[in-house]
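Listed below are the residues making up each chain.
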Amino acid sequence: MAAAYTLYGSFLSAPTYKVALMLTLCGQAYDYRHVDLAKGEHKTPDFLQLNRYGQVPVLRHGALTLCQSNTILEYLAEGPGSKFAGSGPTERQRIREWMMWETDRLYPGINRTRFFERFAKPDPAVTDFMRKVGEQALGVLDGLLDGKRFLVGERPTIADLCVFGCLAHMAEARFDIGHWPAVKAWWERVTALPGFLLPYDLLPKADRDAA
Ligand SMILES: N[C@@H](CCC(=O)N[C@@H](CS)C(=O)NCC(=O)O)C(=O)O
């Protein structure tokens, strides 16, 4: 029998990882469909029916087809992931602020730099520019995590899963987490959550049905 959720993504993709991590930490089984970005499978007419932006991830749940990883985290937090939703309107607002900031500053700084380092190899000045964006964002994150266990409140929320997912491949972009001690301490708290897995341990390289 098909699982309630089907995740379309790539094992190389940080936003795919965010959604897979959330589903896993919430104990939700999902069927997985590998989308080969190198072959352009995300730009085919069939895939564009799932995600008009031509990107992974996509999550299907019953009649709903969802894209944009951070909004998928919010969707899941309204259902089986309620323990990651934050409590009360103020915490939920702070969570949304973190997720907007991640999209605005952290994701480009870290994951564009990784894309340039690993795949695109543009003029080094381009990579250096994005690296500085990433370093600046990591400095902000480090300052705001100083003395705190998690980003919002006392418990992990989708803000932590969003920001962690964004940082998970930072070493591939040659960011050394040792330069940001509060980020490193928080990283260790997130990776200690029950059921936690790093991206390459979590995401398959081919289609996989839930057990
Ligand atoms: N804001 C989107 C970003 C998704 C994204 O950038 N996905 C990449 C893979 S990591 C992708 O599909 N890139 C192909 C493209 O944009 O054409 C999200 O969070 O879901």
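Cut-off values and rules
- Residues numbered from 1 in each chain as written.
- Predicted model: local features only at pLDDT ≥ 70, side-chain atom pairs only at ≥ 80, totals over all residues.
- Heavy atoms only, no water.
- Pairing = 2+ DSSP bridges.
- Helix = DSSP H or I, 4+ residues; strand = E, 2+ residues; numbered from the N terminus.
- Axes fitted to C-alpha atoms, helices over the stretch in contact; angles between N-to-C directions.
- Contact = heavy atoms within 4.5 Å.
- Expected span 1.5 Å × (residues − 1).
- Buried < 20%, exposed > 50% of the residue type's maximum accessible area, 1.4 Å probe, protein only.
- Arc of directions from axis to C-beta.
- Polar contact = N/O pair within 3.5 Å; in protein donor to acceptor, adjacent residues only side chain to side chain.
- Core = buried A, V, L, I, M, F, W, Y, C linked by side-chain atoms within 4.5 Å.
- Domains from an automatic or database assignment.
- Near = heavy atom within 4 Å.
- Areas by Shrake-Rupley, 256 points an atom, 1.4 Å probe, with all protein chains shown as cover.
- Nonpolar A, V, L, I, M, F, W, Y, C, P; charged D, E, K, R; others polar.
- Phe/Tyr/Trp six-rings, centres within 6.5 Å; stacked < 30°, edge-to-face > 60°.

Digging into the sheet that holds strand 4 (residues 64–67)
If you walk across this open sheet you meet the four strands as 2-1-3-4, and the pairing is mixed. The open sheet has two edge strands, strand 2 (30–34) and strand 4, and neither has a second partner. Pairs of neighbouring strands in the sheet enclose a mean axial angle of 20°, with direction left out of account. Here strand 1 (residues 5–9) runs beside strand 3 (residues 58–61); their pairing, made up of four bridges, is antiparallel. Paired with T6 across the strands is R60, a residue of strand 3. In the packing of helix 1 (residues 14–25) onto the sheet, contacts are made with strand 1, strand 2 and strand 3, and the angle to strand 1 comes to roughly 155°. Sitting on the sheet, helix 3 (residues 69–77) is in contact with strand 1, strand 3 and strand 4, with an inclination near 130° to strand 4.

Points about helix 5 (residues 124–145)
Given a rise of 1.5 Å per residue, 22 residues ought to cover 32 Å, and the 31 Å separating the end C-alpha atoms of helix 5 matches this to within 8%. Buried within helix 5 we find T127, M130, R131, G134, A137, L138, L141, D142 and L145. On an axial view of helix 5, the arc spanned by its buried residues comes to 145°, and they lie on one face. Seen from the open side of helix 5, the exposed residues pointing more than 90 degrees away from its buried face are A125, F129, K132 and Q136. Its buried side turned inward, helix 5 meets helix 4 (88–120), helix 6 (158–167) and helix 7 (181–191). At the N-terminal end of helix 5, a side-chain oxygen is found 2.9 Å from the backbone nitrogen of A125, two or three residues along, and the residue is D123. Where helix 5 terminates, the next one or two residues include G147, which has phi positive at roughly 80°.

A look at the pairing of strand 4
Successive residues of a regular strand alternate their side chains across the two faces of the sheet. Bridge count between strand 3 and strand 4: four bridges; the pairing is antiparallel. In the strand pairing of strand 4, H61 is matched with L64. The antiparallel hairpin formed by strand 3 and strand 4 contains two residues in its connecting segment, where G62 sits at a positive phi of about 60°.

Considerations on the nonpolar core
Counting residues in hydrophobic clusters, the biggest one holds 57 residues, and the most contacted among them are L167 and W186. Of the residues forming this core, the biggest block, eight residues, is contributed by helix 6. Shared between two domains, this core takes at least three residues from each, and those domains are domain 1 (5–82 + 196–202) and domain 2 (84–191). Beyond its immediate stretch of four places on either side in the chain, L167 contacts L106, I110, L138, L141, V183, W186 and W187. Counting residues in each nonpolar core, the second largest holds six residues, with Y8, V35, V56 and V58 among its members.

Some words on the site of the ligand
Around the ligand, the neighbouring residues are S13, P15, L37, H42, K43, G54, Q55, V56, P57, Q68, S69 and Y107. In isolation the ligand has 510 Å² of accessible area, and contact with the protein removes 74% of it. For the shell around the ligand, a count of residues per class yields five nonpolar, six polar and one charged.

Section: the packing of aromatic side chains
In the structure shown here, the tally under the stated rule is seven aromatic pairs. Geometrically, the ring pair formed by F164 and W186 is tilted, given 6.1 Å between the ring centres and 55° between the ring planes. Taken as a pair, F164 in helix 6 and W186 in helix 7 lie far apart in primary sequence, 22 residues in all. When its relative accessible area of 0% is taken as the criterion, F164 is described as buried. Taking 4.5 Å as the distance between ring centres and 50° as the angle between the ring planes, the aromatic pair formed by F164 and W187 counts as tilted. Note that F164 is positioned in helix 6 and W187 in helix 7, a separation of 23 residues in sequence. The residues F164 and W187 share a single accessibility class, namely buried.

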